[in-house]
Amino acid sequence: MKETKFIAFSTQKGGAGKTTLTVLTASYLHYVKGLSVGVVDCDFPQFSIMDMRKRDFENIKGNEQLCKQAFDQCKRLNKKSYPIKDSRIEDAIAAGKEMAEDYDLDVVFFDLPGTLNNPEVLRVVSQMDYVFCPIIADKVVIESSLVFAKLVNETLIIPGKGRIKGLHFVWNMVDGREKTRLYEVYDKIIAELGMDVLETVIPNSMRFRKEGDSEEQRPLFRSTVFPPDKTLIRGSNIRELTDEILGIIKV
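Rules behind the numbers
- Counting restarts for each chain, with residues numbered from 1 along the sequence as it is written.
- Local features in this predicted model are restricted to residues whose pLDDT is 70 or higher, and side-chain atom pairs enter the listing and the counts only when it is 80 or higher, whereas totals over whole chains, interfaces and linings include all residues.
- Just so you know, side-chain values use all the structure's heavy atoms and leave hydrogens and water out.
- A pair of aromatic rings is counted whenever rings of Phe, Tyr or Trp (Trp by its six-membered ring) have centres within 6.5 Å, and the orientation is called stacked for planes under 30 degrees apart, edge-to-face for over 60 and tilted otherwise.
- In this description a helix means any DSSP run of H or I spanning at least four residues, a strand means any run of E spanning at least two, and both kinds are numbered starting from the N terminus.
- Only protein chains enter the accessibility calculation, which uses a 1.4 Å probe; a residue is then buried when its area is under 20% of its type maximum, exposed when over 50%, and partly exposed in between.
- In this scheme, Lys NZ or Arg CZ marks a charge over a ring once it lies within 6 Å of the ring centre and within 35 degrees of the ring normal.
- For every element, the axis is a line fit to its C-alpha atoms; helices are fit only across the contacting stretch, and the angle between N-to-C directions ranges from 0 to 180 degrees.
- Oblique is the label for any angle not under 35 degrees, not over 145, and not in the 65 to 115 range, which are roughly parallel, roughly antiparallel and roughly perpendicular in turn.
- When checking whether two residues touch, look at their non-hydrogen atoms; a contact exists if any pair is within 4.5 Å.
- Gly falls in the polar group here, along with every residue not listed as nonpolar (Ala, Val, Leu, Ile, Met, Phe, Trp, Tyr, Cys, Pro) or charged (Asp, Glu, Lys, Arg).
- Disulfides are defined as cysteine sulfur pairs within 2.5 Å.
- For two strands to be treated as a pair, DSSP must find no fewer than two bridges joining them.
- Two N or O atoms form a polar contact when they lie within 3.5 Å of each other; inside protein one atom must be a possible hydrogen donor and the other a possible acceptor, and for residues adjacent in sequence the pair counts only when both atoms belong to side chains.

## Describing the packing of aromatic side chains
To describe a pair of aromatic rings, one takes the distance between the centres and the angle between the planes.
Piece 1. If you walk through the whole model with that rule in mind, you get 6 aromatic pairs.
Piece 2. Ring centres of tryptophan 171 and tyrosine 183 lie 4.5 Å apart, and the angle between their planes is 80°; on these two criteria the pair is classed as edge-to-face. Taken together, the residues span a long stretch of sequence, with tryptophan 171 in strand 6 (residues 166-171) and tyrosine 183 in helix 7 (residues 182-192) at a distance of 12 residues.
Piece 3. Classification of tyrosine 183 as buried rests on a relative accessible area of 14%.
Piece 4. Among the aromatic residues, those joined into a cluster by ring pairs are Phe9, Phe109 and Phe132.
Piece 5. The ring of tyrosine 82 carries the charged tip of arginine 53 above its face, separated from the ring centre by 5.2 Å.

Structural data, given as structure tokens:
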């Protein structure tokens, strides 16, 4: 058995893009980088990633081009789409371990609820190898994320409790036209707290909302069955993000 890494894109505030980044990173690693990946969706009750997988399969069934694309991909890579399992938060770690053993996975991603009010969430966070915390240029989101990260850092990482080795912030939905000191100010605050921000920033773009459709013939970007389309991934920084994450988690 290989040593499976447990990874979460996690934040205490909704709307920062943790689910989208989870899917894009998982898909790129599984379908492009050749890793074996799984996802545990414990964002009860919506289970957004599981719902996305269902939509993906329905779209493939109703679209001849997508059906052929899925068949060709499976044959070329000699692997199926990565497993996704929904789970209540209290069962998440057991679900991840079972999935890792059943499929001999390199990485299991966990999509966690956006709250620390449930003590089970902090327990699950403690069992991650690494946590990546998406933040956007919104003071409410940033302040909430700082509270979350400070708690994780001071109660888990510094004392060496649990499995977690590090928490890293990720600037998401960055508008290249913005001229604001907000990024610089918060980068400094994060550094003073003894944490860091990834060098890769993810731009704000409509491509991150592009899913498959049973009728339309358009390039896919966000999918659990396919990697981001080559024509759309340029400028998205998803390739750069996954490379930076791989450098940290060392799979």
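## Things to note about the packing of helix 1 (residues 18-31) against helix 9 (residues 238-249)
Describing two packed helices takes the angle between their axes plus the distance from one axis to the other.
Piece 1. Axis separation between helix 1 and helix 9 bottoms out at 10 Å; the angle between their running directions is 80°. The orientation of helix 1 with respect to helix 9, classified from their angle, is roughly perpendicular. Contact with helix 1, carried on its side by Leu21, Leu24, Thr25, Tyr28 and Leu29, involves Ile238, Arg239, Leu241, Thr242, Ile245 and Leu246 of helix 9 and no other residues of that element.
Piece 2. Residues of the contact of helix 1 with helix 9, tallied by class, amount to 8 nonpolar, 2 polar and 1 charged.

## Brief notes about the state of the cysteines
Piece 1. Under the counting rule described, the total for this entry stands at 0 disulfides.
Piece 2. Residue cysteine 74 stays outside any disulfide, its sulfur separated by 11 Å from that of cysteine 67, the closest cysteine.
Piece 3. For the unlinked cysteine cysteine 133, the closest cysteine sulfur is that of cysteine 42, found at 16 Å.
Piece 4. Residue classification places cysteine 133 among the buried residues on the basis of a relative accessible area of 0%.

## Quick word on the sheet that holds strand 1 (residues 5-9)
Piece 1. Read from one edge of the open sheet, 7 strands run 3-2-4-1-5-6-7, paired in parallel fashion. Either end of the sheet is taken by a strand with one partner, and the two such strands are strand 3 (84-86) and strand 7 (196-197).
Piece 2. Examined bridge by bridge, strand 2 (residues 37-41) and strand 4 (residues 107-111) share 5 bridges and lie parallel to one another. Among the inter-strand pairings, aspartate 41 is bridged to a residue of strand 4, identified as aspartate 111.
Piece 3. Across the sheet, helix 1 lies against strand 1, strand 2, strand 4 and strand 5 (130-135), angled at about 165° from strand 4, the strand it touches most.
Piece 4. Sheet strands touched by helix 9: strand 1, strand 4, strand 5 and strand 6. Its angle to strand 5, the strand with the most contacts, is close to 150°.

## Description of the side chain of histidine 30
Piece 1. With respect to the helices and strands, the residue histidine 30 is situated in helix 1.
Piece 2. A distance of 3.0 Å separates a polar side-chain atom of histidine 30 from the backbone oxygen of lysine 80.
Piece 3. Excluding anything up to four places from it in sequence, histidine 30 contacts Leu35, Ser36, Val37, Lys79, Lys80, Ser81 and Tyr82.

## Observations regarding the environment of tyrosine 31
Piece 1. Mapped onto the fold, tyrosine 31 is located in helix 1.
Piece 2. Measuring from C-alpha to C-alpha, the distance between tyrosine 31 and cysteine 74 comes to 9.5 Å, with 43 residues separating the pair along the chain.
Piece 3. Separated by 3.4 Å, the side chain of tyrosine 31 and the backbone nitrogen of tyrosine 82 make a polar contact.

By themselves these figures say nothing about function.
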